[in-house]
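Spelled out, the chains give:
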Amino acid sequence: MAYETIIVEIEDQIALIRLNRPEALNALNSKLVDELSRALTEADQNDKVRCIVLTGNEKAFAAGADIKEMSEKSFVDVYGEDLFGAKIEAIQRVRKPMIAAVSGYALGGGCELAMMCDFIICGENAKFGQPEINLGVVAGIGGTQRLTRFVGKSKAMDMNLTGRFMDAAEAERSGLVSRVVPTPKVIPEAMSAARKIAEKSAVTAKAVKESVNRSYEVSLREGLLFERRSFHSMFATEDQKEGMAAFIEKREPQFRDK
Ligand code: CAA
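Note that the coordinates shown come from a computational prediction; the quantities given were computed from them, not determined experimentally. (Residues numbered from 1 in each chain as written. Predicted model: local features only at pLDDT ≥ 70, side-chain atom pairs only at ≥ 80, totals over all residues. Heavy atoms only, no water.)

Caption draft 1: Representation of the sheet that holds strand β4 (residues 60-62). Read from one edge to the other, the open sheet built from four strands follows the order β4-β6-β8-β9, with strand pairing classed as mixed. With one partner strand each, in any of the chains shown, β4 and β9 (165-167) form the two edges of the open sheet. When the angles between neighbouring strand axes are averaged without regard to direction, this sheet yields 20°. Two elements, strand β8 (residues 127-129) and β9, share three bridges in a ladder whose sense is antiparallel. (Pairing = 2+ DSSP bridges. Helix = DSSP H or I, 4+ residues; strand = E, 2+ residues; numbered from the N terminus. Axes fitted to C-alpha atoms, helices over the stretch in contact; angles between N-to-C directions.)

Below you can see the structure in the form of structure tokens.
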């Protein structure tokens, strides 16, 4: 499938998806959101893909929703088309592990897109922010919700109210990103993490993702019950037998996603 605003490469069972509107710092216009949601849905269904890496370029992961495209819209326009509704929900429905490899700006919708991935690896030049307030709007794809869960109320309020940017060191300190690496190493590091994940049982990886995500939706008691039942259900898989047998026999497991 040929896309205009993204580049999709599948290599070693990893789908590497690059946002590709460098002239606009990868701002998320409707075409890009549409193509990205289609590419992610396809990657999720493609048996040759076990993990997804989402990236931009060295200057920008994405500088947010496309301001030029939105600026003249009315409430009725954005409400009517449900701007950032269904297409973004399709991205959230991806069940395969998804890593954001962030260099440069991840602002507004860009920061929100990175937070929709399962974890974020960033370069030393990364800058995260929710500067929507400078445009007279509130964040619209999770900047007040996911960011608060990532970094806590105080920093989320600070970022959303002042519109200031967070650098890579602060993002790591605050738990927004899992790793910071020298900027040229961002994609290699994310690909190497993706390859590690691709070696695991795909069934178990999906269950891990489902269980961690559940912790954002339900009480601790409900979440623990969900996790325990998920753990129990793994004993119905061949991969559990293989994983535990391999440990006991001191060899590498050969998972078959069964
Ligand atoms: N939308 C549309 N175009 C954008 C853009 C955006 N979000 N961000 C950058 N661009 C364009 C610029 O207009 C510029 O295009 P021209 O050359 O045609 O003028 C080009 O990308 C390069 O940008 P700059 O010249 O501004 O580059 P810079 O290095 O001087 O500044 C920046 C970089 C600080 C990231 C600055 O571009 C900026 O502040 N961008 C906007 C960030 C922002 O406000 N994001 C939030 C958007 S709203 C949102 O995302 C809502 C939501 O939650 C869903």
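Caption draft 2: Looking closely at a nonpolar patch on the surface. A cluster of nonpolar side chains, contributed by Ile67, Leu135 and Val137, occupies part of the molecular surface with about 260 Å² of accessible area. Within the element layout of this structure, Leu135 appears in the loop between β8 and α6 (146-151). (Patch = residues over 30% accessible without salt bridge, like charges linked within 9 Å, V, L, I, M, F, W, Y side chains within 5 Å. Areas by Shrake-Rupley, 256 points an atom, 1.4 Å probe, with all protein chains shown as cover. Salt bridge = Lys/Arg side-chain N within 4 Å of Asp/Glu carboxyl O.)

Caption draft 3: Main features of the packing of aromatic side chains. Within this structure, the stated rule accounts for three aromatic pairs. With centroids separated by 6.2 Å and ring planes inclined at 70°, the aromatic side chains of Tyr105 and Phe165 adopt a geometry described as edge-to-face. Here Phe165 lies in strand β9 and Tyr105 lies in strand β6 (residues 105-107), a separation of 60 residues in the sequence. Taking the relative accessible area as the measure of exposure, Tyr105 reaches 28% and is therefore partly exposed. (Phe/Tyr/Trp six-rings, centres within 6.5 Å; stacked < 30°, edge-to-face > 60°. Buried < 20%, exposed > 50% of the residue type's maximum accessible area, 1.4 Å probe, protein only.)

Caption draft 4: Representation of the packing of helix α10 (residues 202-214) against helix α11 (residues 220-234) in the model. At their nearest, the axes of α10 and α11 sit 10 Å apart, and the two run at 170° to each other. One element, α10, and the other, α11, form an angle in the roughly antiparallel class. For the pair formed by α10 and α11, the contact residues are Thr204, Ala207, Glu210, Ser211 and Arg214 on the first element and Phe226, Glu227, Ser230 and Met234 on the second. Taken together, the residues of the contact of α10 with α11 sort by class into three nonpolar, three polar and three charged. (Parallel < 35°, antiparallel > 145°, perpendicular 65-115°, else oblique. Contact = heavy atoms within 4.5 Å. Nonpolar A, V, L, I, M, F, W, Y, C, P; charged D, E, K, R; others polar.)

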